[in-house]
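These are the residues of each chain, in order.
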Amino acid sequence: MGKVHEKIDGRLRTFIEAQPMFFVATAPSGPDGHVNVSPKGIGGTFVVLDEHSVAYLDITASGSETIAHLRENGRITIMFCAFQGPPNIVRLHGRGRFVTLYDEGFDELSALFPPTAGARAVIVVDVERVADSCGYGVPLMSLDGERDLLPPYMERKGVEGQADYRRLKNRTSIDGLPAFDMDPESADASAH
């Protein structure tokens with residue numbers, strides 16, 4: 001039932017761009033680390049760049065496993081499921097990189113998305129394998145709406161509050177790998 005495709009185009013691209021949610025999977029290189037799967041669903045934060053690359057806006061949150069794993073080995077899979085309409089699952093396997101809010105090129109990449117409070121990076125994936133499968137086991141579900149919580153929460157924190165949060169929660173992965181440790185030390189910390 002599954003099929004491997006040469007590129008992201010036509011109905012695959014239409015399907016991907018219509019999904020309100022996607023899942024990101026990464027893992028460390030070693031046999032003992034944790035595999036991470038993160039659901040993403042803030043509207044407008046995913047784009048198909050071309051037939052072999054995609055990007056999504058990475059927002060400050062409680063973890064930074066994806067960035068840690070990309071730093072270590074670059075492997076990433078993004079999965080889309082049809083929860084309405086005909087069943088379908090699409091997986092994009094590839095190599096990812098991240099461009100943080102402190103890196104050259106961030107402004108250009110982040111302009112592809114609506115302004116979103118708390119944006120810490122753009123994850124760019126060079127897609128090496130595009131595959132779809134039946135999706136017969138995925139239930140039908142309806143979308144009631146977005147949870148408008150994370151961006152407003154980050155907006156209330158402000159720029160320095162977001163950096164403080166990342167310094168506290170995002171510097172290492174759950175396995176102790178370096179993650180989002182790019183924030184400079186705060187003015188308060190350097191005064192002590």
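This section reports on the structure supplied with the text. Predicted model, so just to flag it, every value in this text is computed and none were measured.

What follows covers the packing of aromatic side chains. One pass over the full model with this rule turns up 5 aromatic pairs. Look at Phe22 and Tyr56: their rings are 5.5 Å apart centre to centre, the planes differ by 65°, and that puts the pair in the edge-to-face class. Here the residue Phe22 occupies a position in strand β2 (residues 22–26), and Tyr56 occupies one in strand β5 (residues 53–59), the gap between them amounting to 34 residues. Pair check on accessibility: Phe22 and Tyr56 agree, each one buried. Taking the centre distance of 5.1 Å and the plane angle of 75° together, the rings of Phe46 and Phe80 count as edge-to-face. Separated by 34 residues along the polypeptide, Phe46 in strand β4 (residues 46–50) and Phe80 in strand β6 (residues 75–81) bring together distant segments of the chain.

This part is about the pairing of strand β8 (residues 119–133). Burial of β8 is extensive: 11 of the 15 residues sit out of reach of the surface. Relative to β8, β5 runs antiparallel, the two sharing 7 bridges. For Val54, the partnering residue across the bridge sits in β8 and is Val125. Alignment of strand β7 (residues 89–100) against β8, held across 12 bridges, turns out to be antiparallel. Pairing of Arg97 across the sheet is with Val124, part of β8.

Of the positions making up helix α1 (residues 10–18), those classed as buried are Leu12, Phe15 and Ile16. Buried residues of α1, viewed axially, fall in a sector of 95°; they line one side. Residues Arg11, Thr14 and Ala18 are exposed on α1 and point more than 90 degrees away from its buried face. Buried residues belonging to α1 abut β1 (3–5), β4, β6, β7 and β8.

Calculation criteria
- Residues numbered from 1 in each chain as written.
- Predicted model: local features only at pLDDT ≥ 70, side-chain atom pairs only at ≥ 80, totals over all residues.
- Heavy atoms only, no water.
- Phe/Tyr/Trp six-rings, centres within 6.5 Å; stacked < 30°, edge-to-face > 60°.
- Helix = DSSP H or I, 4+ residues; strand = E, 2+ residues; numbered from the N terminus.
- Buried < 20%, exposed > 50% of the residue type's maximum accessible area, 1.4 Å probe, protein only.
- Pairing = 2+ DSSP bridges.
- Arc of directions from axis to C-beta.
- Contact = heavy atoms within 4.5 Å.

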